[in-house]
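Fold and geometry: a report
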Amino acid sequence: MIGVDDMTAGTDKDVIARVVAQVVRELQGGAAASPAKPSSAEGDWGVFESMDEAVVAAAAAQRAYLSCSMADRRRFVETIKAVATTEEHLEYMARCTVEETGMGRVDDKIEKNRVAALGTPGTEDLITTAWSGDDGLTTVEYSPYGVIGAITPTTNPTETVLCNSIGMLAAGNSVVFSPHPRAKKITLWLIQQLNIALCEAGAPQNLIVTVREPSIENTNAMMEHKLIKMLVATGGPGIVKTVLKSGKKAIGAGAGNPPVLVDATADIEKAARDIVAGASFDNNLPCTAEKEIIAVDAIADLLRFEMVKAGAHEINDPAQLKALEDLLLKDGRPDTAWVGKDAEVILNAIGITPKPGTRLVVAEVGRDHPFVQHELMMPVIGLVRVPDVEEGIQFAIEIEKGLRHTAIMHSRDVTKLTRMGKLIQTTVFVKNGPSFTGLGIGGEGYTTFTIAGPTGEGLTSARSFARSRRCVMVGELNVR
C-alpha cells in the first residue's frame with residue numbers, strides 16, 4: 001500500500017486518492033491469463049473519455065509496475081514487438097495510416113513499423129555503472145520518471161507509439177499518448193491492441209493510455225497535469241517549443257531540413273540511387289530524409305542523369321517548374337495539402353504523365369528557392385549547384401539552419417567527410433548511404449522515430465526516459 005508521502009509533493013489529495021485506489025485494485029487483481037474487458041471506469045483497453053482519467057489510470061499502473069521484475073519488463077517489451085510485427089498488423093497499420101492521413105506509402109510504412117518494433121532497444125539499454133573499493137560499493141542505475149506524456153505526429157503515428165512504448169516501458173514508466181487528431185483511428189487501435197496483449201502477458205492494466213478524442217485542449221491538459229513527470233514531443237517546432245516551456249522535464253524531437261552534399265570524388269551512380277531511395281522513402285515524410293541536394297559543378301549533370309535512371313523525374317522546363325511551384329506552395333511556403341503525396345500524383349496534377357514507378361521529382365533551382373529553403377516533406381527535391389566541395393559544405397551548414405537534425409554526404413574523401421561532420425554538428429550524419437540508414441534501416445545501430453536534436457538526447461532509447469540514481473553501500477561488498 002502506498003500513502004500520500006509516496007507521491008510527489010503538491011499533488012491534489014483527491015487525485016492521489018484515485019491513484020491509490022487504482023493501485024490497490026491492480027495489486028489485488030494479479031496477472032490474469034485471459035483478461036476481461038475493462039469496466040467503463042477503467043477505460044476501453046487504454047482509451048479514456050477524459051485526459052484526467054487517462055493520466056490517473058496510467059499513474060496507478062506505473063505504481064503497480066514498480067512491483068514487476070526486470071524479467072517482467074523484458075517480457076512486456078517482447079509482447080509489444082510480437083503484436084506489432086505480425087504480417088496482418090503490419091499491413092493494417094500501414095494501409096490504415098495512409099488512408100486516414102492521406103500521406104505516405106504503404107510499402108515503406110510496413111518497413112518503418114517493422115524496424116520501429118524490432119530495432120528499438122529495451123531493457124538491455126539500461127546499463128548499470130559500478131565502482132568498488134575499500135569504502136564499499138557504489139552503483140548508478142536507471143530508474144523510471146513515472147508517468148510520461150508523449151505527443152505523436154501525423155507523419156509517423158504508429159512508428160512513434162511503438163518506439164516510445166518500448167523505450168518508456170523498458171525504463172519502468174507508463175505513458176499517456178496525445179496523438180495527432182488526423183491519425184486518431186489507427187493510433188487508438190494500436191494502443192488498444194498493445195493493452196490487450198500486455199494484460200494477457202501479466203502487465204498492470206493501462207501502462208499505455210490515451211483519450212478517445214485527441215485535441216489541442218487534451219494535449220494542454222496532459223502537459224499541465226500534476227501526475228505527468230516528463231513530456232516527450234515528436235513533431236514540429238511549435239509543439240517542441242511548447243513542451244520546453246512547460247516547466248517539466250522535456251524531450252523535444254523537432255523538424256529538420258537535411259541537406260545531401262555530393263562531391264566530385266563520390267560514386268555518382270550509387271549516390272544517385274541512394275538519394276532517390278532516401279528522399280522518396282515514405283514520400284519524404286521522415287524528418288531525416290534528404291530535403292535538398294547540393295552538387296559540385298563537375299558532377300552535377302551526371303548526378304541528374306543518374307537520378308533519372310534510378311527512378312526520379314526531372315523538371316527542366318521553366319513552365320513546368322512554375323506549375324509545380326504554384327501547386328505545392330502557398331504564399332511561398334509548402335502547402336500541407338500535398339505533404340506526403342506520391343510523386344506520380346503530384347506530376348499528374350500539373351499535366352505530366354511520368355514513367356510507371358517514378359518515386360521522386362528533382363529540379364535544379366537557385367539557393368533561395370522554396371524547394372531548398374523549406375522542409376517540403378514531399379517527394380520533390382531541389383538541386384543546387386556549387387563550384388567546389390568547400391562551398392558545398394558551407395552552404396549545407398547554412399541551409400540546415402542550425403536545427404542539428406540530419407545531414408548526408410557522398411564522397412570518397414575522408415578528410416572532407418570529417419570536415420563536414422565536424423562543422424555541421426547534426427544529430428545524424430550519414431556518409432555514402434541513403435538517409436534512412438541513420439535510423440538503422442540498412443545501417444548499423446538501433447532505431448527510433450523520436451530524434452531529439454533540440455534537447456540533446458539524440459536518437460532516444462530507454463535510457464532517455466529514465467533517471468540516473470546512485471546507490472551506495474559503505475564498507476562492504478568489495479571482494480577484491
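It should be emphasised that the depicted structure is a prediction, and the values quoted were computed from it without experimental measurement.

1. As for the overall build of the protein chain
Of the regular secondary structure elements, the protein chain holds 16 helices and 20 strands. Compactness check: the protein chain gives a C-alpha radius of gyration of 24 Å against a globular reference of 23 Å for 480 residues, within 12% of the reference. Along the longest, intermediate and shortest principal axes, the C-alpha atoms of the protein chain span 70 × 55 × 40 Å. Counting the 480 residues in the protein chain, one finds 57% classified as buried. One way to put it: in the protein chain the 49 positive side-chain charges average out to a point 3 Å from where the 60 negative ones average out.

2. Concerning the sheet that holds strand 5 (residues 174-178)
As summarised here, the arrangement of the six strands in space is 1-6-5-4-7-8, forming an open sheet in which the pairing is parallel. One side of each edge strand has no neighbouring strand; the edge strands of this open sheet are strand 1 (47-48) and strand 8 (249-253). Two strands pair when backbone bridges link them, and strand 5 and strand 6 (residues 208-211) are joined in this way by two bridges, in the parallel orientation. Bridge pairing in strand 6 links Val 176 to Val 209.

3. Remarks on the pairing of strand 6
Along strand 6, one buried face is formed by Ile 208 and Thr 210 and the opposite face, lined by Val 209 and Val 211, is buried too. As paired strands, strand 1 and strand 6 are joined by two bridges and run parallel to one another. Among the inter-strand pairings, Val 47 is bridged to a residue of strand 6, identified as Thr 210. Each parallel crossover has a hand, and the one from strand 5 via helix 7 (residues 184-200) to strand 6 is right-handed.

4. A closer look at the sheet that holds strand 20 (residues 466-474)
Sheet strands associate in pairs through backbone hydrogen bonding, adopting either a parallel or an antiparallel arrangement. A sheet is described by the order of its strands in space; here three strands give the open sequence 2-3-20, paired in antiparallel fashion. The open sheet has two edge strands, strand 2 (129-133) and strand 20, and neither has a second partner. Averaged over neighbouring strand pairs, the angle between their axes works out to 20° when direction is ignored. Of the pairings in the sheet, the one linking strand 2 to strand 3 (residues 136-144) comprises five bridges and is antiparallel in character. Across the sheet, the residue bridging to Thr 129 is Val 140, located in strand 3.

5. Here we look at the pattern of salt bridges
Summed over all chains, the structure comprises 30 salt bridges. With its nearest N and O atoms 3.7 Å apart, the salt bridge here joins Glu 111 to Arg 114. Placement of both Glu 111 and Arg 114 in helix 5 (residues 106-119) is noted, with a separation of three residues, approximately one turn of the helix. Residues Arg 304 and Glu 364 are paired through a salt bridge, measuring 3.4 Å at the closest nitrogen-oxygen approach.

6. With respect to unusual backbone geometry
One non-glycine residue, Arg 404, adopts positive backbone phi at about 55°. Its location among the elements puts Arg 404 in the loop between helix 15 (389-400) and strand 16 (406-410). Judged by its relative accessible area of 48%, Arg 404 is partly exposed. Positive phi values are uncommon outside glycine, yet Gln 425 reaches one of about 55°.

7. Observations regarding helix 3 (residues 70-84)
Helix length check: helix 3 (15 residues) gives 21 Å between terminal C-alpha atoms against 21 Å at 1.5 Å per residue, within 8%. If you check which residues of helix 3 are buried, you get Asp 72, Arg 73, Phe 76, Val 77, Thr 79, Ile 80, Lys 81, Val 83 and Ala 84.

8. What about the nonpolar core?
Within the largest apolar cluster, 118 residues are counted, with the highest numbers of intra-cluster contacts made by Ile 208, Leu 303 and Met 307. When neighbours within four sequence positions are excluded, Met 307 is seen to be in contact with Ala 272, Ile 275, Val 276, Ile 293, Ala 312, Leu 360 and Val 362.

9. A look at the environment of Arg 467
Topologically, Arg 467 is positioned in strand 20. Distance in space between the C-alpha atoms of Arg 467 and Val 209 is 22 Å, their sequence separation being 258 residues. Residue contacts for Arg 467: discarding those within four places in its chain leaves Glu 141, Tyr 142, Ser 143, Pro 144 and Tyr 145. Polar contacts involving the side chain of Arg 467 include one to the main-chain carbonyl oxygen of Pro 144, which spans 3.0 Å.

10. Description of the packing of helix 10 (residues 268-280) against helix 11 (residues 297-309)
Each packed pair of helices is defined by two parameters, the angle between the axes and the distance between the axes. It is at 8 Å that the axes of helix 10 and helix 11 come closest, and there the two elements cross at 55°. With respect to their mutual orientation, helix 10 and helix 11 come out oblique. Here helix 10 and helix 11 pass one another in a crossing that is right-handed. Mapping the contact onto sequence places Ile 268, Glu 269, Ala 271, Ala 272, Ile 275 and Val 276 in helix 10 and Ile 299, Leu 302, Leu 303, Glu 306 and Met 307 in helix 11. Grouping the constituent residues of the contact of helix 10 with helix 11 by class yields nine nonpolar, no polar and two charged.

11. Observations regarding the packing of aromatic side chains
Under the counting rule described, the total for this entry stands at three aromatic pairs. Geometrically, the ring pair formed by Tyr 65 and Phe 76 is tilted, given 6.1 Å between the ring centres and 35° between the ring planes. With Tyr 65 in helix 2 (residues 51-65) and Phe 76 in helix 3, the pair connects residues that are 11 residues apart, well separated along the chain. Neither residue differs from the other here; Tyr 65 and Phe 76 are each classed as buried. The ring of Tyr 65 has Arg 73 lying over it, and the distance from NZ or CZ to the ring centre is 5.9 Å.

12. Notes on the confidence of the model for the protein chain
For the protein chain, mean pLDDT is 92; residues scoring 70 or higher make up 91% of the total. Considering only residues more than four positions removed or in separate chains, one finds that residues 1-11, a stretch of pLDDT under 50, has 17 contacts. Across residues 23-35, where pLDDT falls below 50, the model places 18 contacts with residues more than four positions away in sequence or in other chains.

13. A closer look at the pairing of strand 16
Within strand 16, five of the five residues are buried, leaving the element largely enclosed by the surrounding structure. Burial along strand 16 is two-sided: the face carrying Thr 406, Ile 408 and His 410 and the face carrying Ala 407 and Met 409 are both buried. Alignment of strand 9 (residues 259-262) against strand 16, held across three bridges, turns out to be parallel. Pairing of Val 262 across the sheet is with His 410, part of strand 16.

The rules behind the values
- Residues numbered from 1 in each chain as written.
- Predicted model: local features only at pLDDT ≥ 70, side-chain atom pairs only at ≥ 80, totals over all residues.
- Heavy atoms only, no water.
- Helix = DSSP H or I, 4+ residues; strand = E, 2+ residues; numbered from the N terminus.
- Rg over C-alpha atoms; globule rule 2.2 N^0.38 Å.
- Buried < 20%, exposed > 50% of the residue type's maximum accessible area, 1.4 Å probe, protein only.
- Lys, Arg positive; Asp, Glu negative; His and termini not counted.
- Charge placed at Lys NZ, Arg CZ, Asp CG, Glu CD.
- Pairing = 2+ DSSP bridges.
- Right-handed = clockwise from strand over helix to strand, strands pointing away.
- Axes fitted to C-alpha atoms, helices over the stretch in contact; angles between N-to-C directions.
- Salt bridge = Lys/Arg side-chain N within 4 Å of Asp/Glu carboxyl O.
- Expected span 1.5 Å × (residues − 1).
- Core = buried A, V, L, I, M, F, W, Y, C linked by side-chain atoms within 4.5 Å.
- Contact = heavy atoms within 4.5 Å.
- Polar contact = N/O pair within 3.5 Å; in protein donor to acceptor, adjacent residues only side chain to side chain.
- Parallel < 35°, antiparallel > 145°, perpendicular 65-115°, else oblique.
- Left-handed = near helix turned anticlockwise from the far one by under 90°.
- Nonpolar A, V, L, I, M, F, W, Y, C, P; charged D, E, K, R; others polar.
- Phe/Tyr/Trp six-rings, centres within 6.5 Å; stacked < 30°, edge-to-face > 60°.
- Lys NZ or Arg CZ within 6 Å of the ring centre and 35° of its normal.
- pLDDT = per-residue confidence, 0-100.

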